[in-house]
Amino acid sequence: MIYLQLFLAFLQVGFFSFGGGLAALPLIEKAVVDNYQWLGNGEFIELITISELSPGPIGINAATFTGFKVGAIFGSFAATTAFCLPSVFLVFLVFHFISSYRRNTYVKGFLRGLRPSVIVLMSIAGFSIAEKGIDDWFSVIIAIVVFFFIYRKKTDPILLLFLAGLSGLIWYRG
């Protein structure tokens, strides 16, 4: 039964998470924290951290890790497969449609109208993560410094993640 629940939960997330893995995070959070209580808020933040640090798309990593926590290897397979299926189906469908109608003003307008919604979904994911994960003044400083170096200085995010982890190791070791 748990495999079917994982499959259906991540199939739903996969169908409605337009904009990629970051846009999927609020939907994943609603499913795994709010609806099924497979993870607590703290575990969800850790899931995002691990998913971001791991190679591959964050949404797929989140599905894989959640599935593994809930249902071991088969749970991981069910969640990951379900999350990816809608994308595969929709990419083929959309590619065919857009190839045929890409010059159509209605199609152009529709796609352009989707952009702000995707930006909002990604922003909500960021605010939700920040609200739960930035919980003291030192983490605020880390967030500001990392934001500055990524946004203004175009510093490699992997390097900054490593340095932020080292800072946390030193600061919170106690």
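For the structure itself, look to the data block above.
Note that the structure is a prediction, hence the values are computed from the model and not measured.

Student: Pulling in residues and values, what's your account of the overall build of the protein chain?
Tutor: On a plain count of helices and strands, the protein chain comes out with seven helices and zero strands. With respect to the principal axes defined by its C-alpha atoms, the protein chain has extents near 60 × 45 × 25 Å. Here the protein chain, with 174 residues, has 29% of them falling under the buried criterion. Taking all contacts inside the protein chain whose residues are at least 6 apart in sequence as the whole, residues at least 24 apart take part in 57%. Accessible area of the protein chain: about 11,600 Å², with a carbon and sulfur share of 71%. Distance between charge centres in the protein chain, computed from 12 positive and 9 negative side chains, equals 19 Å.

Student: Quick one: what's the story with a nonpolar patch on the surface, residue by residue and with numbers?
Tutor: A surface patch of nonpolar side chains, about 690 Å² in accessible area, is lined by Trp-137, Ile-141, Val-145, Phe-148, Phe-149, Trp-171 and Tyr-172. No other element matches the five residues that helix 6 (residues 137-151) contributes to the nonpolar patch. By the element assignment, Trp-171 lies in helix 7 (residues 157-171). For Trp-171, a relative accessible area of 43% gives the class partly exposed.

Student: Give me the lowdown on the packing of aromatic side chains, citing residues and values where you can.
Tutor: The way to describe two aromatic rings as a pair is by their centre distance and the angle between their planes. Tallied over the full model, the rule gives eight aromatic pairs. Between Trp-137 and Phe-138, the ring centres sit 6.2 Å apart and the planes meet at 90°, which makes this aromatic pair edge-to-face. Residues Phe-148 and Phe-149 carry aromatic rings whose centres are separated by 5.3 Å and whose planes lie at 85° to one another, so their mutual orientation is edge-to-face. According to the relative accessible area criterion, Phe-148 is partly exposed, its value standing at 37%. These aromatic residues form a ring-pair network of at least three members: Trp-137, Phe-138, Trp-171 and Tyr-172. The positively charged end of Lys-154 is found above the aromatic ring belonging to Tyr-151, 5.4 Å away from the centroid.

Student: Please provide a residue-by-residue account of unusual backbone geometry, values included.
Tutor: Outside of glycine, negative phi angles account for most residues, and trans bonds account for most peptide bonds. Backbone geometry places Gln-37, a non-glycine residue, at a positive phi of 55°. Among the secondary structure elements, Gln-37 is positioned in the loop between helix 2 (21-35) and helix 3 (41-53). The residue Ala-72 is not glycine, and still its phi comes out positive at about 55°. Structurally, Ala-72 can be placed in helix 4 (residues 58-101). Residue Ala-72 is classed as partly exposed on the basis of its relative accessible area of 40%.

Conventions adopted
- Residues numbered from 1 in each chain as written.
- Predicted model: local features only at pLDDT ≥ 70, side-chain atom pairs only at ≥ 80, totals over all residues.
- Heavy atoms only, no water.
- Helix = DSSP H or I, 4+ residues; strand = E, 2+ residues; numbered from the N terminus.
- Buried < 20%, exposed > 50% of the residue type's maximum accessible area, 1.4 Å probe, protein only.
- Contact = heavy atoms within 4.5 Å.
- Areas by Shrake-Rupley, 256 points an atom, 1.4 Å probe, with all protein chains shown as cover.
- Lys, Arg positive; Asp, Glu negative; His and termini not counted.
- Charge placed at Lys NZ, Arg CZ, Asp CG, Glu CD.
- Patch = residues over 30% accessible without salt bridge, like charges linked within 9 Å, V, L, I, M, F, W, Y side chains within 5 Å.
- Salt bridge = Lys/Arg side-chain N within 4 Å of Asp/Glu carboxyl O.
- Phe/Tyr/Trp six-rings, centres within 6.5 Å; stacked < 30°, edge-to-face > 60°.
- Lys NZ or Arg CZ within 6 Å of the ring centre and 35° of its normal.

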